[in-house]
Amino acid sequence: MRAVAAGDHPHTEDDLRYVRRRYLTVESCREVARIIANATFAARHSALWGEGTTAVASDSTHFSAFDQNIFTEWHSRYRRAKRGVLIYWTVDVAGSMAVHSQLISCSASEVHAMVEGAMRHGTDMEIEQNFVNSHGATFVGFGITRLLDFDLIARFKQINKMKLYVPGRGDQSSYPLLAPALTRPIRWEIIEHNYDLMMKYATAIRLRTASTEALLRRFTSETTHPAYAAMLEVGRAQRSIFLARWLRDRDLQRETESGLNVVENYNGVNDYIRFGKRGELASNRREEQELGMLCLHVLQSCLGLINTLMIQDTLTLPEWQGVLTDADRRGLTPIFHSNMTPYGEIQLRTDRRLELTSLPGEARLDQQPNGQRP
């Protein structure tokens, strides 16, 4: 606060702290992030970024946190012991725009976070595909996404040890060359007997009558819930279909790597923006930690929007016409920070705007009707 208040602007530290207390809430930050994402989708040029935005990539990143918080845990997947929490991002693959963020504990399942991000993002985006790594691609994950009508596309770490489930009992001898990779048939009768129960859970998630975490918590290896057994069978069938498709489709393999690289690149910008106090979440209150996550979300969304408009304005210049190839467009990303200055004087000037092409339906920000800047 003191660093921002010391900049070249008329706002005092008391003014900033009042705005922080009065307006900066979890709900308002989520709404701001949603509006920025929708504005970015509307401003994109389809010739540059693609026609539709229907695919997202999901992954978690670890943030250190103080031990006093009840959600702070030691993460077992990291080589060196680190205490903290996880932030689970759901990022648009086409333009690296985060559509949802969640603060979860290190021991939480990433399946419910993946489903929550796909179903609760609140933007104008219609999600048809979700790219995940091995931690979000369980049998339950494949099963619930099949019922919720979007594709789960995964990158498996130990794909050479996975088995394919055959459709029926008479199909085990139909594929002799695949015999080492085949296992038992799908138990379709379990799916048939518990189909209505599974659809009830899927409808509850879709209509938001129950939280995804509360419902999927019932589906663990220690339970004998009938819907859990049916969900596992659906997941086994869906994962077998996906593996057979993934192994023969080279383009899908490239698309999977490309989608997950987007969210990994997004995670890489986190440390650059949140550099203060070694990036640790200092508060021991859950709401304050979530607010810090959402402020980071909003800042990266603003970075993505500004960079998107800058790239589009640059590429409309005559000297750039016909220069970019398809490979160049595939490598284009708005998540870069070479134009950012995280240190030094902060100019909080609301009377100055960047001269960028305005969003659809708005007048140009640098050409107001009265001839003055907004």
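Values in this document were obtained by computation on a predicted structure and should not be read as measured data.

Basis of the calculations
Residues numbered from 1 in each chain as written. Predicted model: local features only at pLDDT ≥ 70, side-chain atom pairs only at ≥ 80, totals over all residues. Heavy atoms only, no water. Helix = DSSP H or I, 4+ residues; strand = E, 2+ residues; numbered from the N terminus. Buried < 20%, exposed > 50% of the residue type's maximum accessible area, 1.4 Å probe, protein only. Areas by Shrake-Rupley, 256 points an atom, 1.4 Å probe, with all protein chains shown as cover. Phe/Tyr/Trp six-rings, centres within 6.5 Å; stacked < 30°, edge-to-face > 60°. Lys NZ or Arg CZ within 6 Å of the ring centre and 35° of its normal. Axes fitted to C-alpha atoms, helices over the stretch in contact; angles between N-to-C directions. Parallel < 35°, antiparallel > 145°, perpendicular 65-115°, else oblique. Contact = heavy atoms within 4.5 Å. Nonpolar A, V, L, I, M, F, W, Y, C, P; charged D, E, K, R; others polar. Patch = residues over 30% accessible without salt bridge, like charges linked within 9 Å, V, L, I, M, F, W, Y side chains within 5 Å. Salt bridge = Lys/Arg side-chain N within 4 Å of Asp/Glu carboxyl O. pLDDT = per-residue confidence, 0-100. Pairing = 2+ DSSP bridges. Lys, Arg positive; Asp, Glu negative; His and termini not counted. Charge placed at Lys NZ, Arg CZ, Asp CG, Glu CD.

### Side note on the overall build of the protein chain
Looking only at helices and strands, the protein chain has 13 helices and 8 strands in total. Out of the 374 residues belonging to the protein chain, those deemed buried represent 45%. Of the roughly 20,600 Å² that the protein chain leaves accessible, carbon and sulfur atoms contribute 51%.

### Describing the packing of aromatic side chains
By the definition in use, this model includes 5 aromatic pairs. Pairing F139 with Y165 gives two aromatic rings, centres 6.1 Å apart and planes at 85 degrees, and the pair type is edge-to-face. Highlighted residues: F139 in helix α6 (residues 139-147) and Y165 in strand β7 (residues 164-166), separated in sequence by 26 residues. Among the aromatic side chains, those forming a connected cluster through ring pairs are F142, F156 and F242. The ring of F139 carries R236 above its face, with NZ or CZ at 5.2 Å from the centroid.

### Examining the packing of helix α11 (residues 250-273) against helix α12 (residues 286-315)
Where α11 meets α12, the axes come as close as 11 Å, and the angle between the chain directions of the two elements is 110 degrees. Relative to α12, the element α11 lies roughly perpendicular. Across the interface between the two elements, Y266, V269, N270 and I273 from α11 touch L296, H297, L299, Q300 and L303 from α12. Classifying every residue of the contact of α11 with α12 by side-chain character gives 6 nonpolar, 3 polar and no charged.

### Remarks on a nonpolar patch on the surface
Together, Y18, V19 and Y23 give the surface a local cluster of nonpolar side chains, amounting to about 310 Å² of exposed area. Relative to the helices and strands, V19 resides in helix α2 (residues 13-23). Note on V19: relative accessible area 42%, which makes it partly exposed.

### Side note on the confidence of the model for the protein chain
Per-residue confidence for the protein chain averages 82 on the pLDDT scale, and 89% of its residues sit at or above 70. The low-confidence segment residues 361-374, where pLDDT is below 50, has 20 contacts with residues more than four positions distant or belonging to other chains.

### Some words on the pairing of strand β4 (residues 98-104)
Among the 7 residues that make up β4, 7 are buried, leaving the element largely enclosed by the rest of the structure. Bridge count between strand β3 (residues 83-92) and β4: 6 bridges; the pairing is antiparallel. For V91, the partnering residue across the bridge sits in β4 and is A98. Here β3 folds back onto β4 in antiparallel fashion, the turn holding 5 residues, of which S96 has a positive phi close to 55 degrees.

### Focus on the pattern of salt bridges
When charged atoms on two side chains of opposite charge get close, those side chains can pair. Under the definition given, this model contains 13 salt bridges. When the shortest N-O distance is used, the salt bridge between R34 and E31 registers 2.4 Å. Of this pair, R34 and E31 both sit in helix α3 (residues 26-43), separated by 3 residues, roughly a single helical turn. Between R236 and E233 there is a salt bridge, with the nearest N and O atoms lying 2.6 Å from each other. Of this pair, R236 and E233 both sit in helix α10 (residues 226-248), separated by 3 residues, roughly a single helical turn. The residues R236 and E233 share a single accessibility class, namely buried. Salt bridges here are not isolated pairs; linked through shared partners, they connect R20, R285, E287 and E288.

### Some thoughts on a negative patch on the surface
Taken together, the side chains of D124, E126, E128, D149 and D151 define an acidic patch exposed on the protein surface. The topology assignment puts E128 in the loop between α5 (110-119) and β5 (129-132).

### Some details on α5
Burial within α5 is extensive, with 10 of its 10 residues counted as buried. Among the residues making up α5, those that are buried are E110, V111, H112, A113, M114, V115, E116, G117, A118 and M119.

### Looking at the environment of L324
Its location among the elements puts L324 in the loop between α12 and α13 (326-330). Classification of L324 as buried rests on a relative accessible area of 18%. In this structure the C-alpha to C-alpha distance between L324 and L48, which are 276 residues apart in sequence, comes to 9.6 Å. Beyond its immediate stretch of four places on either side in the chain, L324 contacts L48, L315 and R329.

### Comments concerning α6
Buried residues dominate α6, accounting for 8 of its 9 residues. Within α6 the residues assigned to the buried category are F139, V140, G141, F142, G143, I144, T145 and L147. Buried positions along α6 lie against α5, β6 (151-154), β7, α8 (195-207), α9 (212-216) and α10. With its phi angle positive at about 70 degrees, D149 sits one or two positions after the end of α6.

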